[in-house]
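Close look at the chain arrangement
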Amino acid sequence: MSDEQTGMIAGSCLCSQVAFQVWGRFARFVLCHCSRCRKATAAAHAANLFTGPGHIHWLRGRELIRRYQIPEARSFSKCFCSHCGSALPYVSRNGEHLIVPAGVLDGDPGVVPERQIFWDSRACWHEAGLVAPRFAEYPPVAG
Ligand SMILES: [Zn+2]
Ligand SMILES: [Zn+2]
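A brief structural summary. (Residues numbered from 1 in each chain as written. Chains lettered and ligands numbered in written order. Predicted model: local features only at pLDDT ≥ 70, side-chain atom pairs only at ≥ 80, totals over all residues. Heavy atoms only, no water.)

Quick look at the overall build of the protein chain
Defined as follows: Runs of E in the DSSP output that reach at least two residues are strands. Runs of H or I that reach at least four are helices, and both are numbered from the N terminus. Computation of the radius of gyration draws on C-alpha atoms alone. For the globule rule, the value is 2.2 Å times the number of residues to the power 0.38. For each residue, the accessible area found with a 1.4 Å probe, counting protein chains only, is set against the maximum for its type, and the residue is called buried under 20%, exposed over 50%, and partly exposed in between. The accessible surface values rely on the Shrake-Rupley method and a 1.4 Å probe; as for residues, cover is taken only from the protein chains in view. In this charge count, Lys and Arg are treated as positive and Asp and Glu as negative; neither His nor the chain ends contribute. Throughout, a charge is located at the NZ atom of Lys, the CZ atom of Arg, the CG atom of Asp or the CD atom of Glu.
Scanning the protein chain from terminus to terminus reveals 2 helices and 11 strands. Ordered by position in the sequence, the α and β elements of the protein chain form the string β-β-β-α-β-β-β-β-β-β-β-β-α. Taking 2.2 N^0.38 as the reference for a compact globule, 143 residues should give roughly 15 Å; the C-alpha atoms of the protein chain span a radius of gyration of 16 Å, in line with that estimate. Dimensions of the protein chain along its principal axes, counting C-alpha atoms only, are 50 × 35 × 35 Å. With 143 residues in all, the protein chain has 37% of them scored as buried. Split by element, the accessible area of the protein chain, about 8,900 Å² in all, is 54% carbon and sulfur. Computed over 15 positive and 11 negative side-chain charges, the separation of the two mean positions in the protein chain equals 8 Å.

This is how it looks when you write it as structure tokens:
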């Protein structure tokens, strides 16, 4: 992991109405397999980068961002574009971290996931998916 990473990385939501830049260093890159993250991402796991709360510059669309929190959860939150539903960065409930969903970044964050948490809650199909046949884009149409 780079401790010196300072480059700006662009990110945006699917509809492009919300755009931002973030910069490191990213202290952590965590894949979370908990049931809340699986629901919130509709995917096998969340992929979250952590950096300082001030390390973001919103370029446009901030007024479209909505935040969902589960009152009884210790730390779970989700911020998203109210137009297209894409996950977006947010400051943690304790104010200590900017949490950046890695999938909304357009560039290389310069770090790779260093831990997977709530592994025991992983989707039952997750590991099979990792070894399924790979295609560069759509697979060839079956004749
Ligand atoms: Zn959007
Ligand atoms: Zn989680």
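Describing unusual backbone geometry
Even without a glycine there, the phi angle at Ser16 is positive, about 70 degrees. With respect to the helices and strands, the residue Ser16 is situated in the loop between strand E1 (8–12) and strand E2 (19–23). For Ala42, which is not a glycine, the phi torsion comes out positive at approximately 55 degrees. The exposure class assigned to Ala42 is exposed, which follows from its relative accessible area of 72%.

Concerning the sheet that holds strand E4 (residues 46–51)
The following threshold applies: Strands are labelled as partners when DSSP assigns at least two bridges between them.
Ordered by their spatial adjacency, 5 strands build an open sheet running E9-E10-E4-E3-E11, and the pairing between neighbours is mixed. A single partner strand is all that each edge strand has here, and the edge strands are strand E9 (90–91) and strand E11 (115–117). The sheet contact formed by strand E3 (residues 28–32) and E11 spans 3 bridges and is parallel. Residue pairing in the sheet places Leu31 in a bridge with Gln116 of E11.

Considering the coordination of the zinc ion (ligand 1)
Note the threshold: Water is not part of the atom set, so a site may look incomplete; the donors themselves are N, O and S atoms within 2.8 Å of the metal, or 3.2 Å for Na, K and Ca. Under this scheme a four-donor centre is tetrahedral when all angles range from 85 to 135 degrees, a four-donor centre is square planar and a six-donor centre octahedral when opposite donors are above 155 degrees with the rest from 65 to 115, and any other centre is irregular.
Protein coordination of the zinc ion (ligand 1) is provided by Cys13 (SG), Cys15 (SG), Cys81 (SG) and Cys84 (SG), with donor distances spanning 2.3 Å. Coordination at the zinc ion (ligand 1) is tetrahedral: its 4 donor atoms span angles of 103 to 114 degrees at the metal. Exposure remark for Cys81: the relative accessible area of 1% places this residue in the buried category.

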